[in-house]
Amino acid sequence: MADAWNPAATRILVLGRPGSGKGTQGVRVAEQLGVPHISTGDLLRAEVEAGSSLGAVVAEHLEAGELVDDDHVGQALLRRLGEADASVGGFVLDGYPRSIAQAIALERFLAPDHFTAALELVLSEREATHRLLARFVCTDCGHSPARPRPTATEGAAARTTGVFDDSCGRCGGTLRRRSDDDVQVIRARFDEFERWTKPLLDWLDRRSLLVSVDASSAPDVVTASALDALRPRLDRFGATPLGV
Ligand code: AP5
């Protein structure tokens, strides 16, 4: 365990197929390590919701489950990394990079520093599909509660309205389905993962940057496994806060 905590050295990437829990675990790991959680999916959806010019360009890709081109996703990410809470230097980056080209661009941006580690969440397509079809996201606080697959009646109602007949357990806000959590779009997102992100996982592994954890257990169990798997790399870089 390191003697001193150096959050600037905590630069964790979170990778995994859609629905593997990148957002869920990214938030938890970032909280534990005291650095911001930055999700490129959230950043891009926020651009679409805000009706910005970037949002107008990327909306179609998000709806189709295709990767957004590198220039536009890089633009959203660089803007976020320039915000005050990111000035600490460390972060948990969820959903970026998704390809070797994006990893090289991030390496250049961070140089002479480097990523501390890349955390892969391993989950089967079948289980990830179940989770995505069961997902409802709070329109107010963004929380996405881990919950069992909806009953057939709940599922049919949600497909019609997009709204789940229950409220957010954290803030009482409205729960909605994400528009890309549709069976065919999920298939397209899995295909993008196979095509672009699988080779990136091999690339990271060859550089001894990859730690992989089984993401099929309950969220608390996965968080504990993730922190255990990351600890040796964080220690080596002096990035672990005492007690984690
Ligand atoms: P993004 O928002 O990142 O979507 P994704 O990669 O498809 O991943 P998801 O957010 O769907 O799933 P997740 O792995 O975060 O799982 P979650 O924690 O939510 O990206 C969306 C789009 O943006 C992309 O398709 C692309 O168009 C674009 N984009 C983003 N980054 C890009 C980039 N770098 N380059 C180009 N384009 C980019 O969990 C899923 C559900 O499971 C939730 O309901 C959750 O509560 C539940 N759950 C989580 N963990 C557990 C558990 N352990 N047990 C039971 N349920 C669980």
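All figures in this text were calculated on a predicted structure; none of them were measured in a lab. (Residues numbered from 1 in each chain as written. Predicted model: local features only at pLDDT ≥ 70, side-chain atom pairs only at ≥ 80, totals over all residues. Heavy atoms only, no water.)

Digging into the pairing of strand S1 (residues 11–16)
For step 1, the next point in the chain: Judged by how many residues are buried, S1 sits mostly within the fold: six of six residues are covered.
For step 2, the next point in the chain: Burial along S1 is two-sided: Arg-11, Leu-13 and Leu-15 facing one way and Ile-12, Val-14 and Gly-16 facing the other are all buried.
For step 3, the next point in the chain: Where S1 meets strand S3 (residues 91–94), four bridges bridge the pair, whose relative direction is parallel. Bridge assignment links Ile-12 to a residue of S3, and that residue is Val-92.
For step 4, the next point in the chain: Bridge count between S1 and strand S4 (residues 117–122): five bridges; the pairing is parallel. (Buried < 20%, exposed > 50% of the residue type's maximum accessible area, 1.4 Å probe, protein only. Helix = DSSP H or I, 4+ residues; strand = E, 2+ residues; numbered from the N terminus. Pairing = 2+ DSSP bridges.)

Brief notes about the pairing of S4
For step 1, the next point in the chain: Buried residues dominate S4, accounting for five of its six residues.
For step 2, the next point in the chain: Pairing analysis gives five bridges linking S4 to strand S8 (residues 210–214), with the strands arranged parallel. Bridged to Ala-118 within S8 is Leu-210.

Description of the pattern of salt bridges
For step 1, the next point in the chain: Tallied over the entire structure, the rule returns 16 salt bridges.
For step 2, the next point in the chain: Salt-bridge contacts for Asp-181 lead to Arg-135; the nearest nitrogen and oxygen are separated by 2.8 Å. Of this pair, Asp-181 sits in the loop between strand S7 (174–176) and helix H8 (183–206) while Arg-135 sits in the loop between helix H6 (125–133) and strand S5 (137–138), placing them 46 residues apart in sequence.
For step 3, the next point in the chain: Relative accessible area serves as the criterion here: at 2%, Asp-181 is assigned to the buried category.
For step 4, the next point in the chain: Residue classification places Arg-135 among the buried residues on the basis of a relative accessible area of 16%.
For step 5, the next point in the chain: Between Lys-198 and Glu-194 there is a salt bridge; the shortest N-O distance is 3.1 Å. Here the residue Lys-198 and the residue Glu-194 both occupy positions in helix H8, the gap between them amounting to four residues, near one helical turn. (Salt bridge = Lys/Arg side-chain N within 4 Å of Asp/Glu carboxyl O.)

Topic: the sheet that holds S1
For step 1, the next point in the chain: Pairing is parallel in the open sheet, where five strands are placed in the order S2-S3-S1-S4-S8. With partners counted over all chains shown, the strands left at the sheet margins are strand S2 (37–39) and S8, one partner each. Here the strands of the sheet are splayed against their neighbours by 25° on average, with no regard to which way each runs.
For step 2, the next point in the chain: Across three bridges, the pairing between S2 and S3 is parallel. Following the sheet pairing, Ser-39 is matched in S3 by Asp-94. (Axes fitted to C-alpha atoms, helices over the stretch in contact; angles between N-to-C directions.)

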